[in-house]
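# Architecture at a glance
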Amino acid sequence: MSYKYEKNLVRNAQKLRKDMTPEERRLWYDFLKKLPITINRQKNIGTYIVDFFISSKRIAIEIDGVGHGEEEQYKKDVIRDEELNKIGITVLRYQNYDINKNFNGVCRDILKKLSILEEDLK
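This write-up is about the structure you can find in this document. Bear in mind that the values here come from a model prediction, so they are computed numbers and not experimental data. (Residues numbered from 1 in each chain as written. Predicted model: local features only at pLDDT ≥ 70, side-chain atom pairs only at ≥ 80, totals over all residues. Heavy atoms only, no water.)

### Quick notes on the packing of aromatic side chains
Applying the stated criterion across every chain yields a total of one aromatic pair. Each ring, one from Trp28 and one from Phe52, has its centre 6.1 Å from the other, and the planes form 10 degrees; the classification is stacked. Taken together, the positions of Trp28 in helix H2 (residues 22-30) and Phe52 in strand E2 (residues 48-54) put the pair 24 residues apart, joining distant regions of the chain. Accessibility assignment for this pair places Trp28 and Phe52 in one class, buried. Looking at Arg26, its charged tip hangs above the ring of Phe103, at a distance of 4.0 Å from the centre. (Phe/Tyr/Trp six-rings, centres within 6.5 Å; stacked < 30°, edge-to-face > 60°. Helix = DSSP H or I, 4+ residues; strand = E, 2+ residues; numbered from the N terminus. Buried < 20%, exposed > 50% of the residue type's maximum accessible area, 1.4 Å probe, protein only. Lys NZ or Arg CZ within 6 Å of the ring centre and 35° of its normal.)

### Some remarks on unusual backbone geometry
Even without glycine at this site, Gln42 takes up a positive phi of about 45 degrees. Checked against the element boundaries, Gln42 lands in strand E1 (residues 40-45). Taking the relative accessible area as the measure of exposure, Gln42 reaches 3% and is therefore buried.

### So, the pattern of salt bridges
Counted according to the given criterion, the structure contains seven salt bridges. Between Arg93 and Asp81 there is a salt bridge; the shortest N-O distance is 2.9 Å. Taken together, the residues span a long stretch of sequence, with Arg93 in strand E4 (residues 90-95) and Asp81 in helix H3 (residues 71-86) at a distance of twelve residues. Overlapping salt bridges bring together Asp64, Asp77, Asp81 and Arg93 as one network. (Salt bridge = Lys/Arg side-chain N within 4 Å of Asp/Glu carboxyl O.)

### Observations concerning the nonpolar core
With 21 residues, the main nonpolar core has Leu27, Phe31, Leu32, Phe52, Ile61, Tyr94 and Ile110 as its most contacted residues. Elements that contribute at least two residues to this core include exactly H2, E2, strand E3 (59-64), E4 and helix H5 (103-114). At six residues, the largest contribution of residues to this core is made by H5. Setting aside anything within four residues of it in sequence, one finds Leu27 in contact with Leu32, Phe52, Ile61, Ile63, Ile99, Phe103, Val106 and Ile110. Core analysis: the next-biggest nonpolar cluster, separate from the first, contains eight residues, Phe53, Ala60, Leu84 and Val91 among them. (Core = buried A, V, L, I, M, F, W, Y, C linked by side-chain atoms within 4.5 Å. Contact = heavy atoms within 4.5 Å.)

See below:
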């Protein structure tokens, strides 16, 4: 399925793909890239760029840094998630802390949400 997006965000998305955070890089190279489904990095959807997007499951994965804990950014994230939900996209959010301290737990949670069994990956 194709989603409309703001054309002026394309360059920004390309830059974000090139300059991933350490946590995004770890999740991508150590886990997501190896899954047997298509996953896009820094995908433009509407007026947003989501960190990772699995169109076949209609799931976006966001990795939140420390700034997302602040009230103003939290409110923006809630609005963003609601707008994506309105077009049928579920947003999974994980903190940088979770990627760094509970990486295997994050991976298991993503597999569960994607309905992929770990046995399917072997």
